[in-house]
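Observations on the model geometry
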Amino acid sequence: MGDTRYLIVGGGMTGHAAAAAIREADPDGPITMLSADEERPYSRPPLSKGLWLGKPEESVWLPDVARLELRAGTRAVALDPRSRTVQDDQGETHRYEKVLLATGGTPRRLPFGGERVIYFRTLADYRRLRAVEGKRVVVIGGGFIGSELAAALAATGKEVAMIFPEKALGARVYPADLAAFLGRTFAEKGVRLLAGETVAAIEPRGEATAVRTARGVELVADAVVAGLGIRPDTALAEAAGLDCADGIVVDERLETSAPGVFAAGDVARFPSVVLGGRVRVEHEDAALSQGRAAGRNMAGAAEPYRHVPFFYSDLFDLGYEAVGSLDASLETVASWKTPFREGIVYYLDGDRVRGVLLWGIFGQVDAARELVAGRVPIVKSALEHALP
Ligand SMILES: Cc1cc2nc3c(=O)[nH]c(=O)nc-3n(C[C@H](O)[C@H](O)[C@H](O)COP(=O)(O)OP(=O)(O)OC[C@H]3O[C@@H](n4cnc5c(N)ncnc54)[C@H](O)[C@@H]3O)c2cc1C
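Residues numbered from 1 in each chain as written. Predicted model: local features only at pLDDT ≥ 70, side-chain atom pairs only at ≥ 80, totals over all residues. Heavy atoms only, no water.

A separate point is the overall build of the protein. Along the protein, the regular secondary structure elements total 8 helices and 27 strands. Scaling as 2.2 N^0.38, a compact globule of 388 residues should have a C-alpha radius of gyration of about 21 Å, and the protein matches this with 22 Å. Overall, the protein is about 60 × 60 × 35 Å in size when its C-alpha atoms are taken along their principal axes. Scored against the burial criterion, the 388 residues of the protein give a buried share of 52%. (Helix = DSSP H or I, 4+ residues; strand = E, 2+ residues; numbered from the N terminus. Rg over C-alpha atoms; globule rule 2.2 N^0.38 Å. Buried < 20%, exposed > 50% of the residue type's maximum accessible area, 1.4 Å probe, protein only.)

Applying the stated criterion to the full structure yields 23 salt bridges. A salt bridge links Arg-269 to Asp-246; the shortest N-O distance between them is 2.9 Å. With Arg-269 in strand 21 (residues 268-271) and Asp-246 in the loop between helix 5 (235-239) and strand 19 (248-249), this residue pair connects regions lying 23 residues apart in the sequence. Under the relative-accessibility criterion, Asp-246 is labelled partly exposed at 46%. (Salt bridge = Lys/Arg side-chain N within 4 Å of Asp/Glu carboxyl O.)

Mapped onto the elements, Glu-97 comes out in the loop between strand 7 (93-95) and strand 8 (98-101). Its relative accessible area of 46% is what places Glu-97 among the partly exposed residues. Sequence spacing of Glu-97 and Glu-238 is 141 residues, and the spatial spacing of their C-alpha atoms is 20 Å. Sequence-distant contacts of Glu-97, that is, excluding residues within four places in its chain, are made with Thr-4, Arg-5, Arg-84 and Gly-260. (Contact = heavy atoms within 4.5 Å.)

Inspection of the region around the ligand gives 33 residues, with Thr-14, Arg-44, Lys-49, Arg-121 and Asp-266 positioned closest. At a separation of 3.3 Å, an oxygen atom of the ligand approaches a polar backbone atom of Gly-105. Put simply, the parts of the chain that give the shell around the ligand at least two residues each are helix 1 (13-25), strand 3 (31-35), helix 3 (144-155), helix 6 (284-298) and strand 23 (310-315). Residue composition of the shell around the ligand, by class: 12 nonpolar, 12 polar and 9 charged. (Near = heavy atom within 4 Å. Polar contact = N/O pair within 3.5 Å; in protein donor to acceptor, adjacent residues only side chain to side chain. Nonpolar A, V, L, I, M, F, W, Y, C, P; charged D, E, K, R; others polar.)

Attention shifts here to the sheet that holds strand 8. An order of 4-3-2-8-20 is seen for the 5 strands of this open sheet, with the pairing classed as parallel. At either end of the open sheet lies a strand with only one pairing partner, and these are strand 4 (68-72) and strand 20 (261-263). For this sheet, the mean inter-axis angle between neighbouring strands, taken without regard to orientation, is 20°. When strand 2 (residues 6-9) meets strand 8, the two strands line up parallel, connected through 4 bridges. Looking across to strand 8, one finds that Leu-7 is bridged to Val-99. (Pairing = 2+ DSSP bridges. Axes fitted to C-alpha atoms, helices over the stretch in contact; angles between N-to-C directions.)

Here the focus is helix 2 (residues 123-130). Three or four residues apart is the spacing at which side chains of an α-helix point the same way, because the helix has 3.6 residues per turn. Every buried residue of helix 2 is accounted for by Leu-123, Asp-125, Tyr-126 and Leu-129. Down the axis of helix 2, the buried side of the element spans an arc of 155°, and every buried residue falls inside it. Looking at the buried positions of helix 2, the neighbouring elements they touch are strand 10 (117-119), helix 3 and strand 17 (223-226). (Arc of directions from axis to C-beta.)

This next bit is on the packing of helix 1 against helix 6. Packing of helix 1 against helix 6 leaves a shortest axis separation of 7 Å and a crossing angle of 35°. By crossing handedness, the relation of helix 1 to helix 6 is classed as right-handed. Note on element contacts: helix 6 touches helix 1 through Glu-284, Ala-287, Leu-288, Gly-291, Arg-292, Gly-295, Arg-296 and Met-298, opposite Met-13, Thr-14, Ala-17, Ala-18, Ala-21 and Ile-22. Class assignment of the residues belonging to the contact of helix 1 with helix 6 gives a composition of 8 nonpolar, 3 polar and 3 charged. (Left-handed = near helix turned anticlockwise from the far one by under 90°.)

Here we come to the nonpolar core. Ranked by internal contacts, the top residues of the largest apolar core, which has 44 residues, are Leu-129, Tyr-174, Phe-186 and Leu-357. Looking at this core element by element, the count peaks at 6 residues for helix 3. Here Leu-129 is in contact with Trp-52, Ile-118, Phe-120, Leu-149, Leu-153, Ala-223 and Val-225, once residues within four sequence places are set aside. Judged by nonpolar contacts, the second largest core, of 42 residues, contains Ala-19, Tyr-96, Ala-240 and Leu-242. (Core = buried A, V, L, I, M, F, W, Y, C linked by side-chain atoms within 4.5 Å.)

Set out below in structure tokens:
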């Protein structure tokens, strides 16, 4: 039996942020981290962006946390909140005072294709895709990961085809004219877009892989990569009897329904007055801020988490930051300085701003937060001309 004061399950960005915050608050308390990943903690966003554009692989490593006992390649398999113990898959039992579940999520998979499909999430996935020598890549999914990867791969000279069910690239997120512009940009950069399409079959074709769409188009590829979203990794929490609902339910202090058990990051469903009810956010700022908040609270701070996370994405020479809900089914009002290059899109629900997309505009996240929080009254008819 190993005794520790703080046990962190999950060695992603959330777990790392928590360990760093605990160490700041408690210089000597023992911290143990169990991480199913073979690698020490690293930053995920560069895996679909910077690393393809010349950033060195070493740039992803997160800074070491002093006196952190990291058990990489070790999975927690059982949690007992009453005896305050966790068992790992190496047969060891860890007794803790406080535990953080920062287990993130597992990529959704297709029912076929097996190991021929790279479900892109980890550094190992990046290395596998990077090692592919052939030029033909099929990207399945038109969300954040699929779009970023398609852009990054095209920029490195790959022949990329994208398959996604929406009628236009980003149609669920951006207003129709911006989605159409994005589609044109991808096409100009040589990405073949198969919009309104789903994958019906994936089969070996010699060394290559054949991907057949529901409409009967066949693409032969040297690599098939998918970004179909994630499922929060709640198995450990559910088996321990913790409240879960598409994520581990936490209170304002990021504590779960079991005392002493915290959850944060992609896996946590947290209360947010500003974002409306209980939400789960799968973005870096949420991972880092919740990791830090959970870490401080595990070390005794008892602070409410009220941060409104922002998120960002890069696609070729386009990039944005955003706050709140980018749901294209909401009413949208756009204010462009330069059409589709620099501007703001507001997502409205009546007179409430639910989301702000800062397209090509940086450093305005706090102002966007104020708008989404409803702290700044808006005049709807003036939004279109809101940019100075
Ligand atoms: C390729 C990529 C690009 C991204 N780009 C952006 C971006 O541009 N902007 C943005 O805002 N966000 C981006 N994100 C999202 C952001 O990186 C995530 O929100 C963040 O990494 C989530 O961190 P996490 O630690 O909560 O979860 P994860 O990263 O999923 O980490 C959880 C860790 O826990 C481990 N684990 C799970 N179960 C167990 C267990 N039982 N025992 C031990 N270990 C376990 C897993 O192996 C994993 O290492 C990107 C994500 C990816 C994958």
